Amino acid sequence: MKRNVLIIGAGGVAHVAAHKCAQNNILLGDIHIASRTLSKCEAIIASIKEKGNQCGPGLLKAHQLDAMDVEATKALIRSTGSQIVLNLGSPFLNMSVLQACIETGAAYLDTAIHEDPAKVCETPPWYANYEWKRLEDCRKAGVTAILGVGFDPGVVNAYGRYGMDTYFDTVESIDIIDINAGSHGHYFATNFDPEINFREFTETVWSWEDGKWKANQMFEHRKEWDLPVVGKSTAYLTGHDELHSMSKNLGVKNIRFWMGFGDHYINVFTVLKNLGLLSEKPVRTAEGLEVVPLKVVKAVLPDPASLAPNYTGKTCIGDLLKGTKNGKPQEVFIYNISDHAEAYKEVGSQAISYTAGVPAVAAAMLIADGVWDVSRMVNVEELDPKPFIELMNRIGLVTRIRDAQGDRVLDPHAEADAAAGKPSTLGVQAG
């Protein structure tokens, strides 16, 4: 078993993860939160205490850290006795924190792919450009490193694996659909770090079609989906982290990612892009100041964490799998519905951060009790998804399935047993 968690980062996802770790600290042990800004870590701890979310006795402590400094990160891991590191800061930190874990033996988890600040939308597959180059290092050190274990990437990877293994003989396509039907009340804002958000969409977006990478422009392809709870929603084909591992590990010819955007978001985004305000390249003002336009836009937009108090509505994120079973066409949608107001009531966060933070903690718990402590680097679809889905059902993210039998809560073990012809207590749950 592994104990004691170091959370690196103090943004919205780290905030959620810290609350959920505290709720489960009997298993996880001491909880440490580290960021460049100590006051942000201290605010998270104050929030945990205010909400009464610490389950049992144990340490909750804030630390100041520049996680780009590998030696400083190693020293903090050792001094805190942390055996599990949740890297929930900027994706620019991934390789530095991963190296610190390899050298200290701590398990490593993150929720997004590594990014080089000087490069945008690199040639796929993205994991091969950075993280997968440390596969052998992790194996030699016996270090468990689980990459991209938020919701998307993360849970959607597990949904893809589970759906393939349970309901199909062959799978022709997996469409990952991410709809936020909530409203934050601001003229314009992003639900997570604006810099990272915009970098995903300003250049070529990649999808996996007919067994190869296909380049598209952002907002080039759109489709209306009729989804549970949120209803008919328009989403746009875009690139995303999970495509880059699922295309390698699942053997499915078509894996696409669709994200919902309103007309207002698209209009503002288009104006900012056409004016050059989403560029990551420095420019010099008439006064001689050198600035990065994208960082200026980030600075003037609302902090994503500030959106939570007034956020209303729900999210729907899931995988639509199409293929065959026993020679007949089969279609299955595996998904989660999350409520912004309920997330705020529980942990003081909006649902976008909640859906990313809860899976990371579920994965940490599975490492802590040995189920996912695999002593090597993996993406989520390489692991058994059943304990992951079952645990998330218990700690805040309930998975549902919609198929020919109806719409019901997914009991992963029971449905897998039923699909395999084993005795099962599976009953269809409606509503």
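In what follows, the structure referred to is the one given above.
The structure displayed is predicted, hence computed values, not measured ones.

About the cut-offs
- Residues numbered from 1 in each chain as written.
- Predicted model: local features only at pLDDT ≥ 70, side-chain atom pairs only at ≥ 80, totals over all residues.
- Heavy atoms only, no water.
- Salt bridge = Lys/Arg side-chain N within 4 Å of Asp/Glu carboxyl O.
- Pairing = 2+ DSSP bridges.
- Helix = DSSP H or I, 4+ residues; strand = E, 2+ residues; numbered from the N terminus.
- Axes fitted to C-alpha atoms, helices over the stretch in contact; angles between N-to-C directions.
- Contact = heavy atoms within 4.5 Å.
- Core = buried A, V, L, I, M, F, W, Y, C linked by side-chain atoms within 4.5 Å.
- Buried < 20%, exposed > 50% of the residue type's maximum accessible area, 1.4 Å probe, protein only.
- Phe/Tyr/Trp six-rings, centres within 6.5 Å; stacked < 30°, edge-to-face > 60°.
- Lys NZ or Arg CZ within 6 Å of the ring centre and 35° of its normal.
- Patch = residues over 30% accessible without salt bridge, like charges linked within 9 Å, V, L, I, M, F, W, Y side chains within 5 Å.
- Areas by Shrake-Rupley, 256 points an atom, 1.4 Å probe, with all protein chains shown as cover.

### Quick look at the pattern of salt bridges
Considering all chains together, one arrives at 19 salt bridges under this definition. Taken together, the shared-partner salt bridges connect Asp193, Glu195, Lys295 and Lys298 into one network.

### A word on the sheet that holds strand S3 (residues 60-64)
Here we have seven strands laid out as an open sheet, ordered S3-S2-S1-S4-S5-S6-S17, and parallel in their pairing. The sheet is open, and its two borders are formed by S3 and strand S17 (377-379), each paired with just one other strand. Neighbouring strand axes in the sheet, compared pairwise and without regard to direction, differ in orientation by 20° on average. Inspection of the sheet shows strand S1 (residues 5-8) paired to strand S4 (residues 84-87) by four bridges, in the parallel sense. From the neighbouring strand, valine 5 faces S4, where its bridge partner is isoleucine 84. Along the sheet face, helix H14 (residues 351-368) touches S4, strand S5 (107-110) and strand S6 (145-147) and points at about 165° away from the line of S4.

### Here's the deal with the nonpolar core
Ranked by size, the top nonpolar core spans 95 residues in total, and within it Ile7, Leu86, Ile174, Phe198, Trp372 and Phe388 carry the most contacts. The element that contributes the greatest number of residues to this core is H14, accounting for 12 residues. Apart from residues lying up to four places away in sequence, leucine 86 is in contact with Val5, Leu6, Ile7, Ile8, Ala17, Cys21, Leu109, Ala360, Val361 and Ala364. Judged by nonpolar contacts, the second largest core, of 27 residues, contains Leu76, Ala100, Tyr130 and Ala145.

### Describing the packing of aromatic side chains
Within the structure shown, the criterion is met by 16 aromatic pairs. Ring geometry for tyrosine 265 against phenylalanine 269: centres 6.3 Å apart, planes inclined by 15°, an arrangement best described as stacked. With tyrosine 265 and phenylalanine 269 both in helix H11 (residues 263-274), this residue pair falls four residues apart, about one helical turn. Judged by relative accessible area, tyrosine 265 falls into the buried class, the value being 13%. What makes phenylalanine 269 buried here is its relative accessible area of 2%. Taken together, the ring pairs in this structure connect Phe188, Phe198, Phe219, Tyr236, Phe261, Tyr265 and Phe269 into an aromatic cluster. Taking the ring centre of tyrosine 344 as reference, the NZ or CZ of lysine 51 above it sits at 5.4 Å. Positioned above the aromatic ring of tryptophan 132, the side-chain terminus of lysine 248 is 5.1 Å from the ring centre.

### Focus on a nonpolar patch on the surface
The grouping of Val271, Leu275 and Leu277 at the surface amounts to a nonpolar patch, some 270 Å² of accessible area in total. Relative to the helices and strands, valine 271 resides in helix H11.

### Looking at the side chain of threonine 111
Relative to the helices and strands, threonine 111 resides in the loop between S5 and helix H6 (126-129). Leave out the neighbours within four places in its chain, and threonine 111 touches Asn87, Leu88, Gly148, Val149, Gly150, Pro153, Ala356 and Ala360.

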